[in-house]
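Residue-level listing of the chains:
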Amino acid sequence: MSGSLLRRVRVAEVEQVANRIKRFRLVDIDNAPLSEFSGGSHISVVMHSGDRLMRNPYSLMGSPTDTSSYQISVLNCGNDSRGGSKFMHDAVSVGSELEISEPLNLFPPCKLARKHILVAGGIGITPFMSMMNELDALHCDFELHYGVRSLEEGAYCKYLQSRYGSRVNVYLQDQGQMIPLESVLGSQRLGTHMYVCGPKPMIDWALQTAELLGWPAENVHSEQFSAPPPGKPFVVKLAKSGREIEVRGHQSILEALEEHGVDAPFLCRGGACGQCETGVVSCDGFIEHNDHFLTEAERVSGKKIMICMSRIPSGSITLDL
Amino acid sequence: MALTFKDETFRDDFTFSNSPAAIRRFPFPFVEDKYMYSVNIEPHTTGPEGSVFEFPFDIDEHYVSEMRDRAMVLQEDPARCQALPHMMMAQWDMLELVMMSMARDYPDLFTLTRDGSKWHWVNRPLKIEQTFTFGDASTLPYEPMEYIGRQVQGDFSIQDQRDNQLWMDAGIITSQADWSLDFDVGMNFFEWHGPVPLAHEAGVFERALKFLLNLQISNPVRRLNWTMTINPRLDTSPENYHKWGKDRTTVTPENVGQKVHLRVEMQGLFRLPRSNAILFSIRGYLLSLDQLVTVPKWGRRLHRVLKTLPEELIGYKGLSRYRDTTIEWLSKYDDGAPTSRGGGPD
Ligand SMILES: Cc1cc2nc3c(=O)[nH]c(=O)nc-3n(C[C@H](O)[C@H](O)[C@H](O)COP(=O)(O)OP(=O)(O)OC[C@H]3O[C@@H](n4cnc5c(N)ncnc54)[C@H](O)[C@@H]3O)c2cc1C
Ligand code: FES
């Protein structure tokens, strides 16, 4: 099984919500109801740019019970990206048609938690938009700590404060404000869960802080908006079919396979779901593991690779495909 | 297919039987002459017209009588239906999925009218009519899972997904093949699969769990499981072992055909959208051996499968006491002729 069934949608609304962030509202092409989803879910957006096919995951922001449209927010990663987010900003407007997957949730709030601490940095606010909607409807206790570079760079600050009042705390970096994570995490009662989404250094910092303060690992959750990091070209050999495929520097193995018509399994394309796990038959040198799925022992063994995210520095790798 | 509901029993005088049409659509689980354990998961998509796979929730001629039996079990033992408090959203998810499917797939039998959160449900076979507010459990006579569970064939459990695990935190189980909700509620995937021999070694469960954690909205899956039961008894729970355990000693060469039943479970797995939980449906089908051998291919094949079944599985499925008698009886129906591939009748 590769991916899930796709649905055609039309862009019904585009709004610039911060300096480099646009919000898109998507409706079914025939106005059929969309699936409901749970707070923290994302969809994959399939973009056709010329003859290139891009699929990026984006978190759903709206109300999980609103089946008339989905809303996503996209940060423009500019020219240093391979172009998915730039395509969304430059080429997608009201009336454009896209394909999306069904929602998938790799970042759900824990239903047994007595309180939820949400920690967001920058565009990492998006999964919390639907999550807060859900928690609020269920009368769950939550608070948001949201760090942005400045009011101009941060999306939805005013909206969130007016909707959720004192449960929302915004920290402006340009004013020298920092999330006081130690005191926030240090003063919580048992049964509280923490969720963090944002740039990698922020996630690492939050996870470490929680660990130092003695938080149990199962009460700490994170989602990283990973995209496959670029590198040098290398060759993938397929043991079963005997084919050899070149992976370009700006491609992931998965993307290279797809370009050559090889049907490989995937879901999240961000190294988190585990669906694309592939056996390694042999490999020149070390694998650069960029996923969040394999255990340390599995990485060291060199017998498995998550082909949506990980690559090798050069040479060739033979996969059990 | 117009359904005529049978009036029959699954206890005491055991008047249950299948009509010729029900025999032909029985989901015979063995696709070859030898038994192999596998997780054999496939997409739960629309199957052939009239087959048990046609719709997500199959309603057949036993519907009304099965629902009556379920009501009796719940009356005697309310613990067969349990839901932990954090499962309320998942209960509504289940009610919605089942009602929407039944009304769409069997419009002559069930009607659902929705006006925002004001819902109106009509169940003609059971003569039920209910107006309620979706999301407000106080507007239904039971909690949502029990309410709809009393109106749909099959047992159900709902798994919450936390910490990359599935936790069985709700269920309505009145016709289970020898496992107990009261015992399993709150357990995780590996705990409730504990006793299956041969499966753990193969790493089958690790792979199945990973697959289920990524189960997608709108992409349900299914698999078949089987066992054998003496008498067409639905409630073969551990709680009631004292009532049915001794049945196993009553099989004689003369009564094998009437007493021994092949019991097939079609297990469906659905991602529930709002709660991110997984609904597990266990839809059971019973067929007496007398009726089974009316399909010559099935008589031949069941004989061969039972002969090659590994010892561990014979014990696990509780067949030890009557396996030999059954094989002996079935041998009359196996002339050694080759069988065609697949489970369906020729
Ligand atoms: C579960 C999940 C949810 C997500 N939700 C959101 C969301 O709600 N909103 C959102 O905006 N994004 C989200 N993302 C991220 C999003 O999917 C894309 O990764 C992002 O939009 C960038 O895509 P791209 O195609 O423009 O860039 P990609 O090429 O995929 O690059 C991603 C990053 O890598 C860097 N990069 C790439 N190529 C180079 C290069 N040659 N040199 C230097 N740096 C490079 C860029 O700085 C860029 O930021 C999510 C990701 C995941 C996994
Ligand atoms: S597709 Fe999810 S980990 Fe690779």
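Conventions adopted
- Residues numbered from 1 in each chain as written.
- Chains lettered and ligands numbered in written order.
- Predicted model: local features only at pLDDT ≥ 70, side-chain atom pairs only at ≥ 80, totals over all residues.
- Heavy atoms only, no water.
- Helix = DSSP H or I, 4+ residues; strand = E, 2+ residues; numbered from the N terminus.
- Rg over C-alpha atoms; globule rule 2.2 N^0.38 Å.
- Buried < 20%, exposed > 50% of the residue type's maximum accessible area, 1.4 Å probe, protein only.
- Contact = heavy atoms within 4.5 Å.
- Areas by Shrake-Rupley, 256 points an atom, 1.4 Å probe, with all protein chains shown as cover.
- Buried area = accessible area lost by both parts, 1.4 Å probe.
- Salt bridge = Lys/Arg side-chain N within 4 Å of Asp/Glu carboxyl O.
- Polar contact = N/O pair within 3.5 Å; in protein donor to acceptor, adjacent residues only side chain to side chain.
- Axes fitted to C-alpha atoms, helices over the stretch in contact; angles between N-to-C directions.
- Left-handed = near helix turned anticlockwise from the far one by under 90°.
- Nonpolar A, V, L, I, M, F, W, Y, C, P; charged D, E, K, R; others polar.
- Pairing = 2+ DSSP bridges.
- pLDDT = per-residue confidence, 0-100.
- 1 Å grid on protein atoms, 1.4 Å probe; cavity = no way out; pocket = protein on both sides within 12 Å on 5 of 7 lines; lining within 4 Å.
- Points joined across faces, edges and corners; volume = space filled by probe spheres on them.
- Expected span 1.5 Å × (residues − 1).
- Domains from an automatic or database assignment.

### Brief notes about the overall build of chain B
Move 1: When helices and strands are counted, chain B shows 13 helices and 10 strands.
Move 2: Over its C-alpha trace chain B gives a radius of gyration of 20 Å, about what one expects of a compact globule, namely 20 Å for 346 residues.
Move 3: Along the first, second and third principal axes, the C-alpha set of chain B runs to 60 × 45 × 40 Å.
Move 4: Sorting the 346 residues of chain B into buried and exposed places 60% on the buried side.
Move 5: Within chain B, contacts between residues at least 6 apart in sequence are counted, and of these 71% link residues at least 24 apart.
Move 6: Accessible surface for chain B amounts to roughly 14,300 Å². Of this, 54% is attributable to carbon and sulfur atoms.

### A few points about the interface of chain B and chain A
Move 1: Taken together, the contact between chain B and chain A spans 17 residues of the former and 27 residues of the latter.
Move 2: Of the roughly 1,900 Å² buried at the junction of chain B and chain A (both faces included), carbon and sulfur atoms supply 54%.
Move 3: Counting every contact that joins chain B to chain A gives two salt bridges.
Move 4: Across the pair Lys111 of chain A and Asp160 of chain B runs a salt bridge whose closest N-O atoms are separated by 3.4 Å.
Move 5: The tally of links from chain B across to chain A stands at seven residue pairs in polar contact (both at pLDDT 80 or more).

### Focus: the packing of helix 11 (residues 296–307) of chain B against helix 13 (residues 320–331) of chain B
Residue and element names in this part refer to chain B.
Move 1: Where helix 11 meets helix 13, the axes come as close as 9 Å, and the angle between the chain directions of the two elements is 145°. Considering the relative orientation of helix 11 and helix 13, their crossing is left-handed. Contacts between helix 11 and helix 13 involve Gly299, Leu302, His303, Leu306 and Lys307 from the former and Arg323, Thr326, Ile327, Leu330 and Ser331 from the latter.
Move 2: Of the residues contributing to the contact of helix 11 with helix 13, the split by class is four nonpolar, four polar and two charged.

### Quick look at the sheet that holds strand 9 (residues 260–271) of chain B
All names here are of chain B.
Move 1: Reading across the sheet, the seven strands line up as 1-8-9-10-6-7-2 and stay open at both edges, with antiparallel pairing between neighbours. Single-partner strands in this sheet number two, and they are strand 1 (42–43) and strand 2 (81–83).
Move 2: Sheet analysis places strand 2 next to strand 7 (residues 165–172), joined by three bridges and oriented antiparallel. When the sheet's bridge partners are listed, Cys81 is paired in strand 7 with Ile172.

### A few points about the confidence of the model for chain B
Move 1: Looking at chain B, the pLDDT average stands at 89 and 91% of residues meet or exceed 70.
Move 2: Complex prediction metrics read pTM 0.88 and ipTM 0.83.

### Concerning empty space enclosed by the protein
Residue and element names in this part refer to chain B.
Move 1: Throughout the structure, instances matching the rule amount to five cavities of 30 Å³ or more.
Move 2: For the largest cavity, the calculated volume is near 120 Å³.
Move 3: As for the largest cavity, its lining consists of 13 residues, and the residues nearest its centre are Ser175, Leu234, Arg263, Arg283 and Gly284.
Move 4: Top contributing element to the lining of the largest cavity by residue count: strand 10 (residues 278–288), with five residues.
Move 5: Of the residues in the lining of the largest cavity, the class split is four nonpolar, four polar and five charged.
Move 6: Approximately 100 Å³ is the volume found for the second largest cavity.
Move 7: Taken together, 15 residues form the lining of the second largest cavity, with Asn18, Asp60, His62, Tyr285 and Leu286 sitting closest to its centre.
Move 8: Here the lining of the second largest cavity is built from residues that sort into eight nonpolar, three polar and four charged.

### A word on the sheet that holds strand 13 (residues 244–247) of chain A
All names here are of chain A.
Move 1: The mixed open sheet is built from five strands, whose spatial order is 13-12-16-14-15. Looking along the sheet, the strands with just one partner apiece sit at the ends: strand 13 and strand 15 (304–306). Between one strand and the next, the sheet's axes are offset by a mean angle of 40°, whatever the strand orientation.
Move 2: Two elements, strand 14 (residues 277–283) and strand 16 (residues 316–319), share three bridges in a ladder whose sense is antiparallel. Within the sheet, the bridge partner assigned to Ser282 lies in strand 16 and is Thr318.

### Observations regarding helix 11 of chain B
Residues and elements named next belong to chain B.
Move 1: Here helix 11 spans 17 Å end to end across 12 residues, near enough to the 16 Å set by a 1.5 Å rise per residue.
Move 2: In terms of burial, helix 11 is largely enclosed, as 10 of its 12 residues are buried.
Move 3: In the core, the buried residues of helix 11 are packed alongside helix 1 (20–24), strand 8 (221–230), strand 10, helix 10 (289–292) and helix 13.

### Some points on unusual backbone geometry
Move 1: Even without glycine at this site, Tyr156 of chain A takes up a positive phi of about 65°.
Move 2: Within the secondary structure layout, Tyr156 of chain A lies in the loop between strand 8 (142–148) and helix 3 (157–164).
Move 3: Judged by its relative accessible area of 11%, Tyr156 of chain A is buried.
Move 4: A positive phi angle, near 55°, is found at Lys127 of chain B, a position not held by glycine.
Move 5: Assignment of secondary structure puts Lys127 of chain B in the loop between strand 4 (118–123) and strand 5 (128–133).
Move 6: Lys127 of chain B sits in the exposed class, given a relative accessible area of 75%.

### Some details on the environment of Ser49 of chain A
Residues and elements named next belong to chain A.
Move 1: As for its placement among the helices and strands, Ser49 is situated in strand 3 (residues 42–49).
Move 2: We classify Ser49 as partly exposed; its relative accessible area is 25%.
Move 3: As for Ser49 and Gly83, which are separated by 34 residues in sequence, their C-alpha atoms are 9.1 Å apart.
Move 4: Apart from the residues within four sequence positions on either side, Ser49 is in contact with Met54 and Phe87.

### Description of the domain arrangement of chain A
Residue and element names in this part refer to chain A.
Move 1: Once the domains are mapped, chain A shows domain 1 (6–101), domain 2 (115–223) and domain 3 (234–319).
Move 2: Taken together, the contact pairs five residues of domain 1 with nine residues of domain 3.
Move 3: In total, domain 1 and domain 3 occlude about 520 Å² of area from one another, counting both sides; carbon and sulfur atoms represent 44% of this.
Move 4: In terms of surface lost to domain 3, no three residues of domain 1 exceed Arg55, Pro57 and Arg82, which account for 77% of the buried area on that side.

### With respect to the side chain of Glu99 of chain A
All names here are of chain A.
Move 1: With respect to the element layout, Glu99 can be found in strand 6 (residues 97–101).
Move 2: Polar side-chain contacts of Glu99 include one of 3.5 Å to the side chain of His48.
Move 3: Setting aside residues up to four positions removed in sequence, Glu99 forms contacts with Leu6, Arg7, Arg8, Ser44, Val45, Val46 and His48.

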